[in-house]
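# Structural description and commentary
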Amino acid sequence: MRIYCSTHYGHAKAGKLPNNVRKIFKDPREKAVHVLSKAVPNGSCLEHSGWVGRNGYGRINFGGKCHLAHRFIYAGIVREIPPGHAVHHKCANRKCINPGHLQDVTQADNAAEMLARNSLLKRIRALEIENQDLKAMVVV
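In every chain, residue numbers begin from 1 and rise along the written sequence. Confidence filtering applies because this is a predicted model: local features only for residues at pLDDT of at least 70, side-chain atom pairs given and counted only at 80 or more, and all residues used for totals across whole chains, interfaces and linings. Neither water nor hydrogens contribute to the side-chain values; these are computed over all heavy atoms in the structure.

Once that is clear, we can look at the packing of aromatic side chains. Between the rings of Phe, Tyr and Trp (Trp by its six-membered ring), a pair exists once the centres lie within 6.5 Å; its type follows the angle of the planes, with under 30 degrees stacked, over 60 edge-to-face, and the other angles tilted. Counted by the stated rule, this structure contains one aromatic pair. Comment: the charge-over-ring label is applied if NZ (Lys) or CZ (Arg) is within 6 Å of the ring centre and within 35 degrees of the ring normal. The ring of Trp51 is capped by Arg59, whose NZ or CZ atom sits 5.7 Å from the centre of that ring.

As structure tokens, this is what we get:
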């Protein structure tokens, strides 16, 4: 099994492989362990050190698709996520990928917890403010 792209495979074969070459992961569990090893500690959380989307959740590319980091880690390390379920952050930190802080819940339970924490309402208010700012920029 090759673990490098075709270009870097040729370099490795010739003995000219640089130190910063990325490995191609075929196994999602192996990729999840690798991503966890790169996580940055922040209190008891392990924050995703890679790409973070506009919504604050970490993102991972694997198998030609983009995945939410916390869901990818949960599915790769803990267990598969049943259809219709969400992976909830017990710590309320969207960048956290610590498997101990992640919990498999139903969509209804996740929404209820977010409402109880008022995080959903805060996000809605932030989007409303952002929308008003955009409208103000357009109006001359």
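A positive phi angle, close to 65°, is found at Ala92, a residue other than glycine. Relative to the elements of secondary structure, Ala92 occurs in the loop between strand S5 (85-89) and strand S6 (102-106). With relative accessibility at 41%, the residue Ala92 sits in the partly exposed group. The helix count covers DSSP runs of H or I at least four residues long, the strand count covers runs of E at least two residues long, and both are numbered beginning at the N terminus. Accessibility here uses a 1.4 Å probe with only protein chains present; expressed as a share of the type maximum, an area under 20% marks a residue as buried, one over 50% as exposed, and anything in between as partly exposed.

Every case where a carboxyl oxygen of Asp or Glu lies within 4 Å of a side-chain nitrogen of Lys or Arg is listed as a salt bridge. Inspection of every chain in the model, using the stated rule, returns three salt bridges. A salt bridge links Lys95 to Glu47, with the shortest nitrogen-to-oxygen separation between them at 3.9 Å. Residue Lys95 is located in the loop between S5 and S6, and its partner Glu47 is located in strand S2 (residues 45-47); the two are separated by 48 residues in the primary sequence. Residue Glu47 is classed as buried on the basis of its relative accessible area, which comes to 14%. A salt bridge links Glu130 to Arg54; the shortest N-O distance between them is 3.1 Å.

Right, let's talk about a nonpolar patch on the surface for a bit. Note that patches include only residues with greater than 30% relative accessible area and no salt bridge, and the join distances are 9 Å for like charges and 5 Å for nonpolar side chains (Val, Leu, Ile, Met, Phe, Trp, Tyr). To measure how exposed things are, a 1.4 Å probe is used in the Shrake-Rupley method; for residues, cover is taken only from the protein chains shown. Residues Leu115, Leu121 and Ile124 make up a contiguous nonpolar surface patch of roughly 230 Å² in combined accessible area. Residue position: Leu115 is located in helix H4 (residues 107-117).

Here, axes are lines fitted to C-alpha atoms. For helices the fit covers the stretch in contact, and angles between N-to-C directions go from 0 to 180 degrees. Taken N-terminus to C-terminus, the directions of helix H2 (residues 28-37) and helix H3 (residues 69-78) make an angle of 120°; their axes are 8 Å apart at the nearest point. By the criterion of interaxial angle, the relationship of H2 to H3 is oblique. In this structure, H2 meets H3 at a crossing whose hand is left-handed. Taking contact as the criterion, the partners of Pro28, Arg29, Lys31, Ala32, Val33, Val35 and Leu36 in H2 are, on H3, Phe72, Ile73, Gly76 and Ile77. The classification used treats Ala, Val, Leu, Ile, Met, Phe, Trp, Tyr, Cys and Pro as nonpolar, Asp, Glu, Lys and Arg as charged, and all other residues, Gly among them, as polar. Its residues assigned to classes, the contact of H2 with H3 shows eight nonpolar, one polar and two charged. The labels follow the angle: roughly parallel below 35 degrees, roughly antiparallel above 145, roughly perpendicular from 65 to 115, and oblique for the rest. Two helices cross in a left-handed way if the nearer one is turned anticlockwise from the farther one by less than a right angle. They cross in a right-handed way if the turn is clockwise. Any pair of residues with heavy atoms lying within 4.5 Å of one another is described as a contacting pair.

In this description, a disulfide is simply a cysteine sulfur pair whose atoms lie within 2.5 Å. Taken as a whole and judged by the stated rule, the model has zero disulfides. No disulfide involves Cys45; its sulfur sits 3.6 Å from that of Cys91, the nearest cysteine. Among the residues examined, Cys45 registers a relative accessible area of 9% and is labelled buried.

Position of Gly84 relative to the elements: it lies in the loop between H3 and S5. By relative accessible area, which is 52% here, Gly84 ends up exposed. C-alpha of Gly84 to C-alpha of Thr106: the two residues are 22 residues apart in sequence and 6.7 Å apart in space. In contact with Gly84, not counting residues within four places along its chain, are Thr106 and Gln107.

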